Amino acid sequence: MTGGRLGNAVRQRLGIGVAEPSDRVHLWRISLIWLAWMMWSEPVLWFIAWPVIPPFRLTLTAASEQWDGLVAIMIADGAMSGVLIYGIYALIVWRQRKGQPMGDGPPLRSHWGVQAGWVFVTTCVVLGAFIFGTVELIVPAGAGTGEGPSPIWVPGSKHILPIQVIGQQWVWTYRYPTFGGFETTQLMIPANTSIAFHVTSLDVIHDWWAYQLGVKADANPGEDNVAFATTTSKLGKVTVRCDELCGIWHGAMFDYGYVVPQAQFEKWGHSMAKKLAPLTKQLPKFAWTYYPSANGDYPGPPYYPTNTDPFYKMYQYQYGKSGPEGRLPAVHVNKTGS
Amino acid sequence: MTRPWRIGIAVAFFALITGLCFWGVFTWVRRQPPNVNFAAHHDAGRPVHLTVQTVGTMGTGHPHPAWVSYLVKAPDGKWVHSTQWELPAYTRIDVTVLEYDGGHALRNQVWAKVQGTIGGVMTLNGKTVRQVSPQTAYGETHTFTVPALGLNVPFAGVNGNSPTFCTTAPCTPSHVHNVIKFSFMTRAPGQYHWQCMFPCAAGYLDGNGGPMQTLGYMDGFLKVMPSPGHPLQVGQ
């Protein structure tokens with residue numbers, strides 16, 4: 001087999017000598033072996049591995065993260081198998097054999113066209129990956145991360161269920177403002193619903209990580225950190241962990257939540273609101289952040305709402321009205337995207 | 001003495017000192033309060049009686065005299081400064097808390113509600129209650145909270161200005177105190193972390209440091225042991 005005219009011309013200009021006739025054979029062999037590997041491994045990853053890649057599909061964010069995981073694994077499969085096949089082929093075919101003379105190859109020389117091309121191509125690849133990654137991160141389902149009190153990205157759904165997540169050493173509690181603001185250690189989430197998790201803390205910095213929801217947001221005292229997720233029709237258990245070293249029992253700061261059908265969620269919400277009504281009366285007025293007193297100030301309130309403005313700003317445009325939280329619709333549960 | 005001998009002795013001495021340092025550091029780091037065993041001599045099917053006290057300060061003679069703490073009455077009747085209690089699995093635990101500390105208000109009133117006890121109630125000085133409020137007499141003081149069991153019991157505080165206010169543990173019934181009683185069921189064998197949900201470490205930032213972050217004071221473990229004589233739910 002002979003080297004192509006163009007290929008040899010380029011190699012001559014680069015000063016790396018003319019391709020040996022067998023170079024192309026090696027290239028073809030390696031490519032074919034790699035292609036054969038990819039022909040079966042990629043479909044296997046697509047059909048078999050994808051469904052079991054965490055964090056599964058309880059929310060659109062989680063599903064998007066699962067898709068990202070699949071893409072990463074498929075690209076890694078292509079790149080790593082290519083390197084591995086090349087390495088094994090080189091060891092077998094190009095190894096130094098006994099009696100074979102050793103010598104340097106042709107000297108390498110710079111070539112501005114190749115250098116400029118390399119810089120241009122890699123720049124395009126990096127920028128393309130940056131743009132694609134950013135769009136992919138935000139547009140389909142949000143990044144699932146805390147966006148602070150003024151989120152850049154908000155789900156398209158008209159109705160968003162707010163759930164307040166309160167970190168305290170070393171337990172998470174949840175307040176449901178649309179059910180009168182009761183507070184509980186139970187995390188219950190309706191399916192097919194866009195949810196705004198308002199994450200805050202009463203003491204030190206925690207990090208609320210609901211793995212299967214694809215949501216992770218820092219819980220800072222005095223801060224309202226908003227993270228969104230839109231649940232799908234899938235139901236299931238959610239593992240919640242603190243992901244910020246927050247003290248001696250940080251490792252014990254975990255609990256479980258459940259994604260349940262909307263009707264079940266509404267029933268649960270109303271029954272909890274009724275059951276916890278005496279306790280809710282004792283809680284401070286609902287706010288997005290609380291300022292903790294040192295050891296509690298008897299007989300004053302145990303902790304103090306500090307900033308209610310974001311509450312109204314956040315939901316004014318979504319509900320078309322503002323006012324005290326008591327005027328909000330009883331339940332903001334609706335079909336995804338409706 | 002030859003040079004190699006001198007070098008050998010120096011190396012051995014250095015290794016010995018290093019080893020002692022490591023042993024000392026790891027012994028200090030791994031130190032724990034003693035386990036108080038309520039499971040060993042427990043009669044199958046009968047409840048375990050657990051009596052604890054909460055004190056505002058450990059008092060003189062203790063490494064941390066100003067720290068708030070729990071103490072437990074061991075099966076032999078002696079008060080032990082420990083928060084690691086071995087309990088039998090699937091067994092009813094009848095708890096009596098002698099509360100000797102003054103009250104304020106819980107940082108988060110969600111912990112003012114009794115949860116996870118048998119009947120969802122406790123008794124406070126003989127009166128059945130489901131919730132404690134900061135307006136209760138001298139306010140709220142500590143909680144006994146086992147997150148994995150969904151158990152939370154708030155305690156009402158005592159008058160911190162009383163002439164009989166206890167300042168040195170163990171306190172006695174002659175000191176001003178509240179008596180809180182409740183019962184709960186243990187579950188499968190394992191270690192269940194418990195803690196006080198009131199950041200009550202006076203002198204530390206937001207009450208979060210010191211005794212709140214040290215095993216043996218305001219947090220500990222229920223070490224639930226297998227109880228071969230117990231079929232599931234015995235004693236319920």
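Residues numbered from 1 in each chain as written. Chains lettered and ligands numbered in written order. Predicted model: local features only at pLDDT ≥ 70, side-chain atom pairs only at ≥ 80, totals over all residues. Heavy atoms only, no water.

Caption draft 1: Spatial organisation of the packing of aromatic side chains. Enumeration over the complete set of coordinates arrives at 31 aromatic pairs over all chains. Between Y89(A) and W94(A), the aromatic rings sit 5.4 Å apart at their centres with planes inclined by 75°, giving edge-to-face as the arrangement. Of the residues examined, W94(A) reaches a relative accessible area of 39% and is grouped as partly exposed. With centroids separated by 4.8 Å and ring planes inclined at 45°, the aromatic side chains of F197(A) and W208(A) adopt a geometry described as tilted. Of this pair, F197(A) sits in strand β5 (residues 194-201) while W208(A) sits in strand β6 (residues 206-210); the two residues are eleven residues apart in sequence, bridging distant segments of the chain. Judged by relative accessible area, which is 1%, F197(A) ranks as buried. Three or more aromatic residues joined by ring pairs form one cluster here, namely Y70(B), W85(B), F144(B), F155(B), F182(B), F184(B) and W194(B). Lying across the ring of F254(A), R241(A) places its NZ or CZ 4.8 Å from the centre. (Phe/Tyr/Trp six-rings, centres within 6.5 Å; stacked < 30°, edge-to-face > 60°. Buried < 20%, exposed > 50% of the residue type's maximum accessible area, 1.4 Å probe, protein only. Helix = DSSP H or I, 4+ residues; strand = E, 2+ residues; numbered from the N terminus. Lys NZ or Arg CZ within 6 Å of the ring centre and 35° of its normal.)

Caption draft 2: Geometry of the pattern of salt bridges. All names here are of chain A. Applying the stated criterion to the full structure yields three salt bridges over all chains. One salt bridge connects K216 with D243, and the closest N-O pair in it is separated by 3.2 Å. Pair noted here: K216 is in strand β7 (residues 215-219) and D243 is in the loop between β9 (236-242) and β10 (254-260), with a separation of 27 residues, a long-range link. What makes K216 partly exposed here is its relative accessible area of 31%. The class of D243 is partly exposed, set by a relative accessible area of 36%. Through salt bridges that share partners, D207, K216 and D243 make up one connected network. (Salt bridge = Lys/Arg side-chain N within 4 Å of Asp/Glu carboxyl O.)

Caption draft 3: View of empty space enclosed by the protein. Counted by the stated rule, this structure contains three cavities of 30 Å³ or more. The computed volume of the largest cavity comes to approximately 70 Å³. Every residue along the wall of the largest cavity is listed here: Q168(A), Q169(A), L202(A), D203(A), R107(B), N108(B), W111(B), M197(B), P199(B), N208(B) and M212(B). Of the residues assigned to the lining of the largest cavity, the class counts are five nonpolar, four polar and two charged. (1 Å grid on protein atoms, 1.4 Å probe; cavity = no way out; pocket = protein on both sides within 12 Å on 5 of 7 lines; lining within 4 Å. Points joined across faces, edges and corners; volume = space filled by probe spheres on them. Nonpolar A, V, L, I, M, F, W, Y, C, P; charged D, E, K, R; others polar.)

Caption draft 4: Molecular detail of unusual backbone geometry. A cis amide bond links P54(A) with the next residue in sequence, P55(A), at an omega value of 10°. Position of P55(A) relative to the elements: it lies in the loop between α2 (21-49) and α3 (60-93). For N192(A), which is not a glycine, the phi torsion comes out positive at approximately 55°. Position of N192(A) among the secondary structure elements: in the loop between β4 (187-190) and β5. Overall, N192(A) belongs to the partly exposed group, its relative accessible area being 21%. The phi torsion at N125(B) lies on the positive side, around 50°, for a residue other than glycine.

Caption draft 5: Main features of the sheet that holds strand β2 (residues 171-176) of chain A. All names here are of chain A. As summarised here, the arrangement of the five strands in space is β3-β2-β1-β5-β8, forming an open sheet in which the pairing is mixed. With one partner strand each, in any of the chains shown, β3 (182-184) and β8 (225-230) form the two edges of the open sheet. In this sheet, adjacent strand axes meet at a mean angle of 25° when their direction is disregarded. Inspection of the sheet shows β2 paired to β3 by three bridges, in the antiparallel sense. Bridge pairing links Y176 to F182 in β3. Those strands touched by helix α5 (residues 262-275) are β1 (160-168), β2 and β3, and its axis lies near 105° from that of β3. (Pairing = 2+ DSSP bridges. Axes fitted to C-alpha atoms, helices over the stretch in contact; angles between N-to-C directions. Contact = heavy atoms within 4.5 Å.)

Caption draft 6: Region of the structure containing a nonpolar patch on the surface. Residue and element names in this part refer to chain A. There is a patch of nonpolar side chains on the surface, built from L127, F130, I131, V135, L137, I138 and V139 and spanning about 660 Å² of accessible area. Examined against the element boundaries, L137 turns out to sit in helix α4 (residues 112-138). On the accessibility criterion, L137 (45% relative accessible area) is partly exposed. (Patch = residues over 30% accessible without salt bridge, like charges linked within 9 Å, V, L, I, M, F, W, Y side chains within 5 Å. Areas by Shrake-Rupley, 256 points an atom, 1.4 Å probe, with all protein chains shown as cover.)

Caption draft 7: The environment of W288(A), seen in detail. Tracing the backbone through its elements, the reader meets W288(A) in the loop between α6 (277-282) and β11 (290-292). Once the C-alpha coordinates of W288(A) and P149(A) are considered, the two residues, 139 residues apart in sequence, prove to be 9.1 Å apart.

Caption draft 8: Looking closely at the sheet that holds strand β3 (residues 69-73) of chain B. Residue and element names in this part refer to chain B. The strand order across the open sheet formed by seven strands is β4-β3-β2-β6-β11-β7-β8, and the pairing between neighbours is mixed. The sheet terminates laterally at β4 (79-80) and β8 (127-129), the two strands that pair on one side only. As judged from the four bridges shared by strand β2 (residues 48-55) and β3, these two strands associate in the antiparallel manner. Each residue of the ladder has a partner; that of Q53, found in β3, is L71.

Caption draft 9: Broad picture of the side chain of H42(B). Tracing the backbone shows H42(B) in the loop between β1 (35-37) and β2. A distance of 2.5 Å separates the side chain of H42(B) from the backbone oxygen of R46(B), its partner in a polar contact. (Polar contact = N/O pair within 3.5 Å; in protein donor to acceptor, adjacent residues only side chain to side chain.)

Caption draft 10: Expanded view of the layout of surface pockets. Size it by volume and the largest pocket reaches roughly 630 Å³. Lining of the largest pocket is provided by 25 residues; of these, F254(A), D255(A), P147(B), A148(B) and G150(B) occupy positions nearest its centre. If you list the elements that add at least two residues to the lining of the largest pocket, you get β2, β4 and β10 of chain A together with β9 (140-146), β10 (151-156) and β12 (190-195) of chain B. If one sorts the elements of the lining of the largest pocket by residue count, β10(A) sits on top with four residues. A breakdown of the residues in the lining of the largest pocket according to their chemical character gives 16 nonpolar, eight polar and one charged. If you add up the space inside the second largest pocket, you get close to 410 Å³. Surrounding the second largest pocket, 16 residues form its lining, R31(B), P33(B), T214(B), L215(B) and Y217(B) being those nearest its centre.

Caption draft 11: Geometry of α3(A). Here α3(A) is 34 residues long and its end C-alpha atoms lie 49 Å apart, about the 50 Å a rise of 1.5 Å per residue gives. Along α3(A), the positions that sit buried rather than exposed are T61(A), A62(A), S64(A), Q66(A), G69(A), L70(A), M74(A), D77(A), G78(A), S81(A), I85(A) and Y89(A). (Expected span 1.5 Å × (residues − 1).)

Caption draft 12: Fine view of the interface of chain A and chain B. On the side of chain B, 36 residues touch chain A, which itself brings 31 residues to the contact. Buried surface at the junction of chain A and chain B, both sides included, amounts to about 2,600 Å², of which 56% is carbon and sulfur. Our count for the chain A to chain B interface comes out at zero salt bridges. Seen at the junction of chain A and chain B, the total is eleven residue pairs in polar contact (both at pLDDT 80 or more). Put simply, the parts of the chain that give the side of chain A that touches chain B at least two residues each are β2, β3 and α6 of chain A. Ranked by residue count, the leading element in the side of chain A that touches chain B is α6(A), at three residues. Among the residues forming the side of chain A that touches chain B, the class breakdown is 17 nonpolar, eleven polar and three charged. (Buried area = accessible area lost by both parts, 1.4 Å probe.)

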